[in-house]
Amino acid sequence: MSNDDGQLDMLALLRDRRSLAERWAEFDAAHPEIYLLLRDKTRELLRATGGRRLGIALPWEAMRWTITIQTGESPKLNNDYKARYARKLMAENADLADVFVTRHAEADDDLKEVA
């Protein structure tokens, strides 16, 4: 929710009564490129580091940086969506099944309902 200047409208966000799960599902459906870029960044970082595990923050911020470099604009990405994207990536990509360290969160229950 942005105003005419492209800035986040905090008042509008506070008035939004939808749950985090609902807002994330809407964002994810409207921006499939975010999921794809995050998936690709995760794989790229795993190859580059030779690692098997990552925190979602690393590919998330790498993706944010890539978008900024490519477009010249900083993307408006809600950090509250990181846990949901981590779980979606692990659920939908066999090679990423155990890549992120997670702890039980509301996202676990929400994603089970969607599946």
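(A) Structural view of the packing of helix α3 (residues 32-49) against helix α4 (residues 57-71). Between α3 and α4, whose axes approach to 9 Å, the crossing angle comes to 115°. Here α3 and α4 pass one another in a crossing that is right-handed. Every residue of α4 that contacts α3 at Ile34, Leu37, Leu38, Lys41, Thr42 and Leu45 is listed here: Leu58, Pro59, Trp60, Ala62, Met63, Thr66 and Ile67. Looking at side-chain class alone, the contact of α3 with α4 contains 10 nonpolar, 2 polar and 1 charged residues.

(B) Layout of the packing of aromatic side chains. Taken as a whole and assessed by the stated rule, the structure comprises 3 aromatic pairs. Arranged with centres 5.3 Å apart and planes meeting at 40°, the rings of phenylalanine 27 and tyrosine 81 form a pair that is tilted. Taken as a pair, phenylalanine 27 in helix α2 (residues 20-30) and tyrosine 81 in the loop between α4 and α5 (82-92) lie far apart in primary sequence, 54 residues in all. We classify phenylalanine 27 as buried; its relative accessible area is 16%. Between the aromatic rings of tryptophan 60 and tyrosine 85, the centroid separation amounts to 5.9 Å while the plane-to-plane angle is 40°, which identifies the pairing as tilted. With tryptophan 60 in helix α4 and tyrosine 85 in helix α5, this pair connects stretches of sequence that are 25 residues apart. An aromatic cluster is built from Trp24, Trp60 and Tyr85, whose rings are joined through pairwise contacts. Against the face of tyrosine 35 rests lysine 88, its NZ or CZ located 4.6 Å from the ring centre.

(C) Summary view of the pattern of salt bridges. Summed over all chains, the structure comprises 6 salt bridges. One salt bridge connects glutamate 26 with arginine 18, and the closest N-O pair in it is separated by 2.3 Å. Judged by relative accessible area, which is 48%, glutamate 26 ranks as partly exposed. With a shortest N-O distance of 2.8 Å, aspartate 95 and arginine 43 are connected by a salt bridge. On the criterion of sequence distance, the pair formed by aspartate 95 in the loop between α5 and α6 (106-114) and arginine 43 in helix α3 is long-range, its members being 52 residues apart. Exposure remark for arginine 43: the relative accessible area of 23% places this residue in the partly exposed category.

(D) Local environment of the nonpolar core. Judged by nonpolar contacts, the single largest core of 21 residues is most densely connected at Ile34, Leu38, Trp60, Met63, Tyr85, Val99 and Phe100. Among the elements of the structure, α2, α3, α4 and α5 are those that each provide at least two residues to this core.

Cut-offs used in this document
- Residues numbered from 1 in each chain as written.
- Predicted model: local features only at pLDDT ≥ 70, side-chain atom pairs only at ≥ 80, totals over all residues.
- Heavy atoms only, no water.
- Axes fitted to C-alpha atoms, helices over the stretch in contact; angles between N-to-C directions.
- Helix = DSSP H or I, 4+ residues; strand = E, 2+ residues; numbered from the N terminus.
- Left-handed = near helix turned anticlockwise from the far one by under 90°.
- Contact = heavy atoms within 4.5 Å.
- Nonpolar A, V, L, I, M, F, W, Y, C, P; charged D, E, K, R; others polar.
- Phe/Tyr/Trp six-rings, centres within 6.5 Å; stacked < 30°, edge-to-face > 60°.
- Buried < 20%, exposed > 50% of the residue type's maximum accessible area, 1.4 Å probe, protein only.
- Lys NZ or Arg CZ within 6 Å of the ring centre and 35° of its normal.
- Salt bridge = Lys/Arg side-chain N within 4 Å of Asp/Glu carboxyl O.
- Core = buried A, V, L, I, M, F, W, Y, C linked by side-chain atoms within 4.5 Å.

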